[in-house]
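Now for the letters of each chain:
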Amino acid sequence: MQNKGLVKLFALLFGLVSIYQLSFTFKANQIEEEAQELAINAVSDTEEDYRAKRSQEEANYLESIANDTVFNIGIAKFTYNEVKQKAMNLGLDLKGGINVILQVSVKDILKGLANNTKDPVFNKALDDATEIQKNSQNTYLEDFFLAFDAIKGDTRLASPDIFYTKALDGEIDGTMTDEEVQKVIATKIDESIVSAFEVLRKRIDEFGVTSPNIQRLGTSGRILVELPGVKNIERATSLLQSTAQLEFWDAYKGEQFFGFLAQANETLKDLVEVDTEDLADTEPQDEEDAQDAAIDDLLGEAETDSTAVANVNPLLDLIRGPGYQGGPIIARFELKDKETILDYLNKPEVRALLPVEQRYAKFVFGKPENNSEIVDLYALVGNREDIPQLSGAVVTDARVNFGPTGKPEVSMQMNSKGAKIWEQMTGEAFAQGSQIAIVLDNIVYSAPGVTSGPIAGGNSSISGSFTLNEAEDLANVLRAGKLPASADIISSEVVGPSLGQEAIDSGTMSFMIALVLVLLWMILYYGKSGIFADIAMLLNILLIFGILSGLGAVLTLPGIAGIVLTIGMSVDANVLIFERIREELAKGKGQKESIQDGFSNALSSILDANITTGLTALILFIFGTGPIKGFATTLLIGIGTSLFTAIFITRLLVDWYVNRGGKLDFSTGITKNLFRNINIAFLQKRKVALIISGVMIVIGLGSLLTVGLNQGVDFVGGRTYQVRFENDVNATEVSATLADVFGSADAKTFGSANQLKITTKYKVNEASSEVDEEIRLMLYNAIQPLLSGQTYEEFIDLNDENKQVGLLESFKVSPTIADDIKQASFWAILGSLIVVFLYILMRFKRWQYSLGAVAAVFHDVLIVLGVFSLTYKFMPFSMEIDQAFIAAILTVIGYSLNDTVVVFDRIREFFNEHSSWEFNRVVNVSLNSTLSRTLNTSLTTLVVLLAIFIFGGDSIRGFMFALIVGVIVGTYSSLFIATPIMYDTVQRLDKKQKKKA
């Protein structure tokens, strides 16, 4: 081998750099463990809300040392922030946290650009686009334009009633064509989405999450946010979805609407049906008495009368308390009745009762106090345009302060324009003795009066029933700015930290077991040379982790699987080399010559096999998201490091040993003659093999067409919850219970008998956080008898790192994005087949080789799909068809091609060396000569996969099962499908050419 000194230098440098990179990970883990210990010692578990307090204590400690030197390596010193930045990042499934895809509402942005027009064509096009989106791969904007074109008639986008507005004057004029307007609107939409992206990025930066990931997904208005390690899931979700629409409105005095409520109540009696089931069966008071009693109650002047007659009053019966004289509160209601009250008050027949000066009154509820189910109703001084006197756009800074009572509040600073309007508003409020309502996202946070005259300078504050976290989050979103439109979570994965720790433990165990088995196997099979391969493999692992850390890549559970799989596949290069050396030794060559020829002859097969696998991994990286991209990343890195260590490091070690006079047989006493002198007539058995494969494929297709596949929420949409119980539960009984509640729900045992994966499509098209909360509450109520007294708060709490019972993980995908995932998966598989077909065609110069390889891949994929269809109903682990399964299919494609290409390489080599041989002899001899390598690699890979399957955790078991089936079938197809098809097509072509001649 040439340039040994250079290889040694590179190996040494790469090794040292990897150790250097990983040292930051070890140091960061050590510091964080110390922080956890300090938090545990500082906060007793007997304190109320101790977990949140410990989390805050831990965060405070880490923040306090952020800029302190914590790591000194002699030649350099590093602060904690620098250490953390260089440490390896753990993914959501290993650390816990939240992964969401937010859909910024392009519909809302379009409405805003059109100044909330009432134009019927425009609004009909919006509704049509919403429907089209359910089965479309276009963006919402593209579908809106299509929907508008279909119904527009003489209406144009440049109409003054649509986009030719004051706000867009100068960019759009009335003479522009629809095509010209579309370009302007597309630019405006893109600017709004960029704005939303920046707002979210600023909020996340303020939130203080370690190693967040935020990225825009194409032009669809979707934004991916990954927050691994975040402790308070509810807080993070609220932070992401809050539009932070801050507004300042003048408020009416509550008593101005007492009479209106009584009149509204009488009008509603004729408009709505009231449930009287719980009312006493007594005669009602007369109408005048009822109205007087209601007004007295609102004024706080009525005396309680235990013999009072019950009334059927749609509105007044829902009142739970009056406002106060001179204050802005009209009345108090239960939180659950909010929507009903607003629906009542905004009915046209009810609003017609308002006097002329109050006809634009805006009814808004306040922010309920902590742990309270009562909420206040306000009436704000509205206007025809429904525009506030002052908006949050004027806020330049916001900070948390503590008010006179010691409670947190948010102080704000406005720009000069806002300060001027604020001074005018507060002056008028002082003169009139009225209040100014501070409204955030259509909720009144406070409505203070002005007692000391106009407020100059633009300073103001928001007070309310804030916790410190709520006040900090509000200040954060106000500083970051408001979202340009609502943002719904259309896909989310939430993993509790306890589940993440279990994944780390199971992943580490599977990794260590697989590694030990492979190391022992190489020594058992190849003796001393196996030790050299093992040393190279250990360096390979060090390099993989070092590169991952250096690149700032995120390590996920599928990523660990990718590393472990790389260990199995990296053996392949060493096996190829050692088998070729054994062949050269069998020819009677000397040891040094055999080693040199063995490495040289194996190089072509090694490169081809790894390039084909790398191409499929690359496509997986391009099309995959989240953990799947992590799997592809580690696989790509592993392929590169495996090539380096096998070709160069193993060679260095072998040459070093031989040059010192050592003798290597590249076998042991047991394996010396294993697979030698084999002469299987593979081609003669191809018809039998094709019949067996045909039967398997027909059975599989039959099951696919009749039974189908167990498609996960990735592909069909819905919500999935992983719930663990204290005792074993019956999945069938739980499914029946849930079906009564949701109409459509399914519960399956997930791992142990006390753990279920629960899936429902209830309200699958609704993505709001309110619906998410509603479904979680319904789930809790349905399974509460099985939760051993666990409260709802304890059930949904994902902050506890030691949580063993309750909700551990949740996953949500809307049908729209599920359809996109399905399409992306299809193109990923098709793309990998096309790329590999072209590569093999380029390398082997004959399309028959490409045909054989791709046919074998199709064969393998169909059989894996068939096995999943036939067995998913009774297997004791999840066999859902999801993104992880697609990753498995692409890995199977890569592995199958790896095997096939090695065989094809040998056929090409023998064909050139033995030009006098019949082609069938060349093929059979090639298959027999590579059999040792094929079986050795397959067995090693299977051992690795089985280790992950058994010890790697429930969430990855289905993924591993697909790989195990794929490796077995892929090994078979390279021998009995790919090669025979290539042989038959070559023979037919040769016969045709001979006939023409």
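Look a little higher up for the structure.
First, a word on what this report is: a plain description of the structure on this page.

### A few points about the pattern of salt bridges
Point 1. Summed over the entire model, instances satisfying the criterion amount to 34 salt bridges.
Point 2. For Lys-589, the salt bridge identified is with Glu-584, shortest N-O distance 2.7 Å.
Point 3. A residue is classified by how much of its surface remains accessible, and Glu-584, at 1% relative accessible area, is buried.
Point 4. Between Asp-655 and Arg-651 there is a salt bridge, with the nearest N and O atoms lying 3.0 Å from each other. One end of the pair, Asp-655, and the other, Arg-651, are both in helix H20 (residues 627-659), 4 residues apart, so they sit about a helical turn from each other. Across the pair, exposure class does not vary: Asp-655 and Arg-651 are buried alike.
Point 5. A single network of salt bridges, built from pairs that share partners, joins Arg-320, Glu-334, Lys-336 and Asp-337.

### A short note on unusual backbone geometry
In terms of backbone geometry, most residues other than glycine have negative phi values and most peptide bonds are trans.
Point 1. In this structure, Asn-115 is a non-glycine residue whose phi angle is positive, near 60°.
Point 2. Residue position: Asn-115 is located in the loop between helix H5 (106-113) and helix H6 (120-133).
Point 3. The backbone of Asn-116 shows a phi angle near 50°, a positive value even though the residue is not glycine.
Point 4. By secondary structure assignment, the location of Asn-116 is in the loop between H5 and H6.
Point 5. Exposure remark for Asn-116: the relative accessible area of 53% places this residue in the exposed category.

### Some points on the packing of aromatic side chains
Point 1. Scanning all chains against the criterion turns up 36 aromatic pairs.
Point 2. Ring geometry for Tyr-780 against Tyr-792: centres 5.4 Å apart, planes inclined by 65°, an arrangement best described as edge-to-face. Of this pair, Tyr-780 sits in helix H24 (residues 769-783) while Tyr-792 sits in helix H25 (residues 792-796), and the two are 12 residues apart along the sequence.
Point 3. Residue classification places Tyr-780 among the buried positions, given a relative accessible area of 6%.
Point 4. Taking the centre distance of 6.4 Å and the plane angle of 40° together, the rings of Phe-949 and Phe-961 count as tilted. Residue Phe-949 is located in helix H30 (residues 931-951), and its partner Phe-961 is located in helix H31 (residues 957-996); the two are separated by 12 residues in the primary sequence.
Point 5. The ring of Phe-599 carries Arg-651 above its face, with NZ or CZ at 4.9 Å from the centroid.

### Remarks on the nonpolar core
Point 1. Core analysis: the largest hydrophobic core is formed by 123 residues, its most contacted members being Ile-840, Phe-885 and Ile-907.
Point 2. If you look at the next biggest cluster of nonpolar residues, it comprises 48 residues, including Val-106, Val-181, Leu-200 and Ala-485.

### Some words on H24
The α-helix winds at 3.6 residues per turn, so residues separated by three or four positions along the chain end up facing the same way.
Point 1. Here H24 contains 15 residues, and its C-alpha end-to-end distance of 21 Å stays within 8% of the 21 Å for a straight helix at 1.5 Å per residue.
Point 2. Every buried residue of H24 is accounted for by Val-771, Asp-772, Ile-775, Arg-776, Met-778, Leu-779, Tyr-780, Ala-782 and Ile-783.

### Things to note about a nonpolar patch on the surface
Point 1. Together, Leu-618, Phe-621, Ile-622, Phe-623, Phe-826 and Trp-827 make up an exposed nonpolar region whose accessible area comes to about 600 Å².
Point 2. Among the secondary structure elements, those contributing two or more residues to the nonpolar patch are helix H19 (591-623) and helix H26 (815-844).
Point 3. The dominant element in the nonpolar patch, judged by the number of residues it contributes, is H19, at 4 residues.
Point 4. Looking at the secondary structure, you find Ile-622 in helix H19.
Point 5. Judged by its relative accessible area of 57%, Ile-622 falls in the exposed class.

### Details of the sheet that holds strand S5 (residues 213-217)
Point 1. Pairing within the open sheet is antiparallel, and its 8 strands lie in the order S5-S6-S4-S18-S23-S20-S22-S21. Of all the strands in the sheet, just S5 and strand S21 (745-749) have a single pairing partner and so form its edges. This sheet shows a mean twist of 20° between the axes of neighbouring strands, independent of strand direction.
Point 2. The pairing of S5 with strand S6 (residues 222-228) spans 5 bridges and is antiparallel. Looking at the pairing, Ile-214 lines up with Val-225 of S6.
Point 3. Packed on one face of the sheet, H24 meets strand S20 (718-724), strand S22 (755-760) and strand S23 (806-813) and runs near 40° to S20.

### Re empty space enclosed by the protein
Point 1. Under the counting rule described, the total for this entry stands at 3 cavities of 30 Å³ or more.
Point 2. One number sums up the size of the second largest cavity: a volume of about 80 Å³.
Point 3. Those elements that provide at least two residues to the lining of the second largest cavity are helix H18 (557-586), H19 and helix H28 (883-913).
Point 4. When residues in the lining of the second largest cavity are grouped by element, the largest group, 4 residues, is from H18.
Point 5. Among the residues making up the lining of the second largest cavity, the classes are represented as 3 nonpolar, 3 polar and 5 charged.

### Let's talk about the packing of helix H21 (residues 686-706) against helix H27 (residues 847-871)
Point 1. Relative to each other, H21 and H27 sit at 50°, their axes nearing to 8 Å. Considering their axes alone, H21 and H27 lie oblique with respect to each other. Crossing angle aside, the handedness with which H21 passes H27 is left-handed. Within the contact between the two elements, H21 uses Ser-693, Met-696, Ile-697, Ile-699, Gly-700, Leu-701, Ser-703 and Leu-704 and H27 uses His-859, Leu-862, Ile-863, Leu-865, Gly-866, Ser-869 and Leu-870.
Point 2. Its residues assigned to classes, the contact of H21 with H27 comprises 9 nonpolar, 6 polar and no charged.

Scoring rules and cut-offs
Residues numbered from 1 in each chain as written. Predicted model: local features only at pLDDT ≥ 70, side-chain atom pairs only at ≥ 80, totals over all residues. Heavy atoms only, no water. Salt bridge = Lys/Arg side-chain N within 4 Å of Asp/Glu carboxyl O. Buried < 20%, exposed > 50% of the residue type's maximum accessible area, 1.4 Å probe, protein only. Helix = DSSP H or I, 4+ residues; strand = E, 2+ residues; numbered from the N terminus. Phe/Tyr/Trp six-rings, centres within 6.5 Å; stacked < 30°, edge-to-face > 60°. Lys NZ or Arg CZ within 6 Å of the ring centre and 35° of its normal. Core = buried A, V, L, I, M, F, W, Y, C linked by side-chain atoms within 4.5 Å. Expected span 1.5 Å × (residues − 1). Patch = residues over 30% accessible without salt bridge, like charges linked within 9 Å, V, L, I, M, F, W, Y side chains within 5 Å. Areas by Shrake-Rupley, 256 points an atom, 1.4 Å probe, with all protein chains shown as cover. Pairing = 2+ DSSP bridges. Axes fitted to C-alpha atoms, helices over the stretch in contact; angles between N-to-C directions. Contact = heavy atoms within 4.5 Å. 1 Å grid on protein atoms, 1.4 Å probe; cavity = no way out; pocket = protein on both sides within 12 Å on 5 of 7 lines; lining within 4 Å. Points joined across faces, edges and corners; volume = space filled by probe spheres on them. Nonpolar A, V, L, I, M, F, W, Y, C, P; charged D, E, K, R; others polar. Parallel < 35°, antiparallel > 145°, perpendicular 65-115°, else oblique. Left-handed = near helix turned anticlockwise from the far one by under 90°.

Just distances and angles here, no functional claims.
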